[in-house]
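The lines below spell out each chain.
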Amino acid sequence: ESELKARSFRLNSSRIAPEHPFVDCCKNLNMNLYGSPTTSDQSAMSGFPTIKIGPGKSERSHTADEFIILDEIKNGIEIYKKLIINFSNKILKENIKLKSFAS
């Protein structure tokens, strides 16, 4: 027989609905969608949809030898710009009320 005890309830699971307009924008940019193998401040957020996105490779982040390549930062900037433009246009064009997507 075993007993299971939680060490902490400080971290929350997070999610965003697959049909959220922001997810559509990510798909339209052919971004890979997956659950992150690392934790972040995102786990302290709740009550609203969240995403975790950043330049570089997840397998290198939060490791002893963490590093990022300059081209990955440049590419990340371009992706952020495209996401902002696409998401803004989508909201305005489709008159989307984001409150309806709250967790």
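Bear in mind the structure is a predicted one, so any value in this text is a computation, not a measurement.

Draft legend 1. Geometry of the packing of aromatic side chains. Across all of its chains, the model carries 1 aromatic pair by this definition. Its guanidinium or amino end placed over the ring of F67, R60 lies 4.3 Å from that ring's centre, counting from NZ or CZ.

Draft legend 2. The arrangement of helix α1 (residues 21-28) in detail. Considered for burial, the residues of α1 that qualify are P21, F22, V23, C25 and C26. Of the surrounding secondary structure, the elements contacted by the buried residues of α1 are α2 (70-94).

Draft legend 3. Examining α2 more closely. Here α2 is 25 residues long and its end C-alpha atoms lie 36 Å apart, about the 36 Å a rise of 1.5 Å per residue gives. Considered for burial, the residues of α2 that qualify are E72, G76, L83, F87, K90 and I91. Elements in contact with the buried residues of α2: α1. Backbone geometry just after α2 places N95 at a positive phi near 50°.

Reading guide: rules and limits
Residues numbered from 1 in each chain as written. Predicted model: local features only at pLDDT ≥ 70, side-chain atom pairs only at ≥ 80, totals over all residues. Heavy atoms only, no water. Phe/Tyr/Trp six-rings, centres within 6.5 Å; stacked < 30°, edge-to-face > 60°. Lys NZ or Arg CZ within 6 Å of the ring centre and 35° of its normal. Buried < 20%, exposed > 50% of the residue type's maximum accessible area, 1.4 Å probe, protein only. Helix = DSSP H or I, 4+ residues; strand = E, 2+ residues; numbered from the N terminus. Contact = heavy atoms within 4.5 Å. Expected span 1.5 Å × (residues − 1).

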